Number of protein chains: 2
Amino acid sequence: MAARLLNGQAIADQIRAEVRPAIDAFTARAGRPPGLGIVLVGDDPASAIYVRLKLKSAGENGLRADLERLPASASLAELVSVVDRLNRSDAHDGILVQSPLPDAMGPDAERRVFDAIAAEKDVDGFHPTSVGRLVQNRPTIAAGTPSGVIELLERSGIGIASQRAVVIGRSDIVGKPMALLLLHRNATVTICHSRTTDLAVVARQADILVSAIGRPGFVTADFVKPGATVIDVGTTHVTDRATVERLYIAGSVRRETFNRRGSLVVGDVHPEVVDVAGALTPVPGGVGPLTVVMLLKNTLRAAELRLENRGR
Amino acid sequence: MAARLLNGQAIADQIRAEVRPAIDAFTARAGRPPGLGIVLVGDDPASAIYVRLKLKSAGENGLRADLERLPASASLAELVSVVDRLNRSDAHDGILVQSPLPDAMGPDAERRVFDAIAAEKDVDGFHPTSVGRLVQNRPTIAAGTPSGVIELLERSGIGIASQRAVVIGRSDIVGKPMALLLLHRNATVTICHSRTTDLAVVARQADILVSAIGRPGFVTADFVKPGATVIDVGTTHVTDRATVERLYIAGSVRRETFNRRGSLVVGDVHPEVVDVAGALTPVPGGVGPLTVVMLLKNTLRAAELRLENRGR
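Residues numbered from 1 in each chain as written. Chains lettered and ligands numbered in written order. Predicted model: local features only at pLDDT ≥ 70, side-chain atom pairs only at ≥ 80, totals over all residues.

(A) Structural view of the overall build of chain A. Helix and strand counts for chain A stand at 11 helices and 11 strands. Computed over C-alpha atoms, the radius of gyration of chain A comes to 20 Å, within 12% of the 20 Å expected from 2.2 N^0.38 for 312 residues, which places it in the range of a compact globule. Seen through its principal axes, chain A has C-alpha atoms that stretch 55 × 45 × 35 Å. Of all 312 residues assigned to chain A, the portion counted as buried reaches 48%. Summarising the internal contacts of chain A: among those between residues at least 6 apart in sequence, 71% fall at separations of at least 24. (Helix = DSSP H or I, 4+ residues; strand = E, 2+ residues; numbered from the N terminus. Rg over C-alpha atoms; globule rule 2.2 N^0.38 Å. Buried ≥ 20, exposed ≤ 12 C-beta atoms within 10 Å, placed from the backbone. Contact = placed C-beta atoms within 7 Å.)

Written as structure tokens, this is what we have:
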């Protein structure tokens, strides 16, 4: 029997419908909408698409959203000074610097910029203080993608407590916060990575398997316990025909899409997993839509916290 | 064959011998020793013993260590004002507020006091910023007990990379930072807790099993894969004869100690595990001595970082 597909778009729409009245209530109370400043450096086409999506979603849902663009040649100091201005701005409750930054800024640039964002405006949840509060199970704002996965599980009626959860990938942005969020909901959590021995064996112990490594089709059927829930966070833009032909059979919709566009967004989870898993998030249309809507929720939360703290 | 016993005291002595010249070098460079302020509230006898140990160890190893005592009746505001004074003190590089605080201070008191300690003086590693930096694998200062366990493993020649590690307990002070430190050394890490199903089965997958729950003798032989390394972080002061008689046979040294003193410090690991494990930390004399020496190391590190930052 094929796995139940978890429709991220429908759940994102549901969350959006819930958040909207709260945004309007904030605007009425504060006399201004919650404000989001997005900083985009350089010309990475994927980043431009993501930023456009985020701006559109913010604008359509009652947020003020301002884009600050810097050329690829901008220095780290220039970028930090834009962040500083947003830190001081009364109209902005959330700040997001789109990753990745141009290589020319240096290997440490991203970390230094994230550190420079005022913790209370850190709507991505990347600031060390945000991360520490997440570990201590009193998050103000948690990273969007893993928070979105929790919403997806809970709203799909998939129990987390006392389940074995395995997270493949240990990034600061997804893997580690994902593990902590599952742990705080009483899952027994294992984190796997490139140095894990017998990865398929470990993964197969999972009732909930989350993959976030960005390797197209890496999670094959032998990684999955029959009936398990599989959450695919990986999204890789594949332009290489051989990979697409390895993963999708001739005449399939995905192949046709690739033939038409010359590229395809592919998850970590191999298509054959649909025959083993009990529930599965598709790519696209699974976790992705949640990430965008969590940004709305996080910006609103940052705005509300700022207003409360001012009231004290 | 009985497990190899990992001698925490010998390793602590080795670390102390390495740290001492660095402490003296700091004192020569800065014109003052690294300074530690310890705050003790109330009359808890165990806390008094721990604080005395820490003060003695600091004093003997070239640190300045000052004790600030507050009565059990002190308010949270009074405690925070002592912390504030130490935050501003030039002579103090590290601040430690001994846990637990009196119940009368309220359930949230500990968290609020730890938050009030300046992050750069947080030698316990409990501040959210310290924890966030630990998650991001760029710790300035990590919690003493889990850091001590890493030292113990590494200096005992026990490999961590690619091993399966299972941590029982998910406290902010031991369980969670322990899991992160093992993860960053490339172990495949599972965190278990009171809501874990089939705990013994999960524990038995571990090459390295760390227990930190404070339940005397909870980890029995069936929790342990033959040859595994077992780290016992639990220390419970047992005064109840039945527990001691359940764990230790008549005529054993431990029973005799209990008979003489009327109490016994007992770990989470059942004595029978010595016949299954490959290596094992005793209680007492295993992890405990490391915790104390890590405080020296953390205070020195905090002092060095303050000096560096001032030099900029």
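(B) How the structure looks around the sheet that holds strand 2 (residues 35-41) of chain A. Residue and element names in this part refer to chain A. As summarised here, the arrangement of the 3 strands in space is 3-2-4, forming an open sheet in which the pairing is parallel. Single-partner strands in this sheet number two, and they are strand 3 (64-70) and strand 4 (94-97). Strand-to-strand twist across the sheet, computed as the mean angle between neighbouring axes with direction ignored, equals 15 degrees. The sheet contact formed by strand 2 and strand 4 spans 4 bridges and is parallel. Across the sheet, Val 39 pairs through a bridge with Val 97, a residue of strand 4. Sheet strands in contact with helix 2 (residues 45-60) are strand 2 and strand 3, and its direction is about 165 degrees off that of strand 2. (Pairing = 2+ DSSP bridges. Axes fitted to C-alpha atoms, helices over the stretch in contact; angles between N-to-C directions.)

(C) Fine view of the domain arrangement of chain A. One can read the domain layout of chain A as domain 1 (31-119) and domain 2 (144-288). Distance from the C-alpha centre of domain 1 of chain A to the C-alpha centre of domain 2 of chain A: 28 Å. (Domains from an automatic or database assignment.)

(D) The arrangement of the interface of chain B and chain A in detail. Across the contact, 24 residues belong to chain B and 24 residues belong to chain A. Among the elements that make up the side of chain B that touches chain A, the one with the highest residue count is helix 5 (residues 128-135) of chain B (7 residues). Considered class by class, the residues forming the side of chain B that touches chain A number 9 nonpolar, 10 polar and 5 charged. Two strands pair when backbone bridges link them, and strand 6 (residues 188-192) of chain A and strand 6 (residues 188-192) of chain B are joined in this way by 3 bridges, in the antiparallel orientation. Bridging from a neighbouring strand, Val 189 of chain A pairs with Ile 191 of chain B of strand 6 of chain B. (Nonpolar A, V, L, I, M, F, W, Y, C, P; charged D, E, K, R; others polar.)

(E) Main features of the relation of the copies chain B and chain A. Aligned on chain A, chain B shows an RMSD of 0.0 Å; the corresponding rotation is 180 degrees and the shift along the axis is 0.0 Å. The superposition operator between the copies reduces to a two-fold rotation axis. Interface overlap between copies: 100% of the residues of chain B at the interface are likewise at the interface in chain A, consistent with a symmetric, same-surface contact. (Least-squares fit on C-alpha atoms with pLDDT ≥ 70 in both.)

(F) The sheet that holds strand 1 (residues 4-5) of chain A, seen in detail. Reading across the sheet, the 12 strands line up as 1(A)-11(A)-8(A)-7(A)-5(A)-6(A)-6(B)-5(B)-7(B)-8(B)-11(B)-1(B) and stay open at both edges, with mixed pairing between neighbours. Strands with a single pairing partner mark the edges of an open sheet, and in this sheet they are strand 1 of chain A together with strand 1 (4-5) of chain B. Two elements, strand 5 (residues 164-168) of chain A and strand 6 of chain A, share 5 bridges in a ladder whose sense is parallel. In the strand pairing of strand 6 of chain A, Val 167 of chain A is matched with Ile 191 of chain A. Each of strand 5, strand 6 and strand 7 (208-211) of chain A together with strand 6 of chain B is contacted by helix 7 (residues 175-184) of chain A, which is oriented at about 170 degrees to strand 6 of chain A, the strand it contacts most.

(G) Just the environment of Val 19 of chain B, in detail. Residues and elements named next belong to chain B. Positionally, Val 19 belongs in helix 1 (residues 8-30). Using a count of 20 C-beta atoms within 10 Å as the deciding quantity, one classes Val 19 as buried. Spatially, the C-alpha atoms of Val 19 and Pro 146 are 18 Å apart, while their sequence positions differ by 127 residues. Other than its neighbours up to four places away in sequence, Val 19 contacts Asn 61, Leu 296, Lys 297 and Leu 300.

(H) The arrangement of the packing of helix 3 (residues 76-88) of chain B against helix 4 (residues 109-116) of chain B in detail. All names here are of chain B. In the contact formed by helix 3 and helix 4, the axes pass within 9 Å of each other and the chain directions differ by 20 degrees. Taken together, helix 3 and helix 4 sit at an angle that is classed as roughly parallel. The two elements helix 3 and helix 4 meet at a crossing, and its hand is right-handed. Where helix 3 abuts helix 4, its residues Leu 76, Leu 79, Val 80 and Val 83 lie against Ala 109, Arg 112, Val 113 and Ala 116. (Parallel < 35°, antiparallel > 145°, perpendicular 65-115°, else oblique. Left-handed = near helix turned anticlockwise from the far one by under 90°.)

(I) Expanded view of the packing of helix 6 (residues 144-155) of chain A against helix 7 of chain A. All names here are of chain A. Viewed as axis vectors pointing N to C, helix 6 and helix 7 meet at an angle of 35 degrees, and their least axial separation amounts to 8 Å. Crossing hand, helix 6 versus helix 7: right-handed. Between helix 6 and helix 7, the contacting residues are Pro 146, Ser 147, Val 149 and Ile 150 on the first element and Pro 177, Met 178 and Leu 181 on the second. By residue class, the composition of the contact of helix 6 with helix 7 is 6 nonpolar, 1 polar and no charged.

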